[in-house]
Amino acid sequence: MGLDFIRRAAKGFTKAWDRGRTSLASPSLFTRYPESRTRTVIADVMPDSQVQVGAELVVCFAGDQLILVEETNQIGCMKNPPADLVEAVREAGGYALCQIKQFNPLSGTADVEVD
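A short tour of the structure in this document, coming up. (Residues numbered from 1 in each chain as written. Predicted model: local features only at pLDDT ≥ 70, side-chain atom pairs only at ≥ 80, totals over all residues. Heavy atoms only, no water.)

Here we look at the overall build of the protein
Alright, step 1. Scanning the protein from terminus to terminus reveals three helices and six strands.
Alright, step 2. From first element to last, N terminus to C terminus, the protein shows the α and β order α-α-β-β-β-β-α-β-β.
Alright, step 3. Restricting to contacts in the protein with at least 6 residues of sequence separation, those with at least 24 account for 60%. (Helix = DSSP H or I, 4+ residues; strand = E, 2+ residues; numbered from the N terminus. Contact = heavy atoms within 4.5 Å.)

Right, dumping it as structure tokens:
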């Protein structure tokens, strides 16, 4: 009779440590995020193409070089792209997105950031 009364009158609880879950989930100084895999390379721009800084283009293969394509027009090419960039584009199915960060009119080149 006494044990039944204690079980009914006592406040129920479960063993758990829930208060620290939110502090563990919040970012801190030592939290690591995946790094961005962007790479900036120099591309030769075709003489008759209109290049705008910030334009988003597509990088794809044409033989042994990577070319920059906007809609259906070839904007430029990378004749000797770095090996890691070539491998990354191949792993992405042969295509990658890029953005023109800077245009150099004297040399006819552009700094292209490949995602």
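Quick look at the pairing of strand S3 (residues 65-70)
Alright, step 1. Relative to S3, strand S2 (residues 56-62) is paired through five bridges, and the arrangement is antiparallel. Among the inter-strand pairings, Val-58 is bridged to a residue of S3, identified as Val-69.
Alright, step 2. Following S2, the chain reverses through two residues before pairing antiparallel with S3; Gly-63 in that reversal takes a positive phi of roughly 75 degrees.
Alright, step 3. Where S3 and strand S4 (residues 73-78) come together, five bridges link them in antiparallel fashion. Looking at the pairing, Val-69 lines up with Gln-74 of S4.
Alright, step 4. Linkage of S3 to S4, two consecutive antiparallel strands, is achieved through a turn of two residues, within which Glu-71 is found at a positive phi near 55 degrees. (Pairing = 2+ DSSP bridges.)

A look at the state of the cysteines
Alright, step 1. Taken as a whole, this structure holds zero disulfides when the rule is applied.
Alright, step 2. Of the cysteine sulfurs around Cys-60, a residue in no disulfide, the closest is that of Cys-98, at 9.7 Å.
Alright, step 3. When its relative accessible area of 11% is taken as the criterion, Cys-60 is described as buried. (Disulfide = S-S within 2.5 Å. Buried < 20%, exposed > 50% of the residue type's maximum accessible area, 1.4 Å probe, protein only.)

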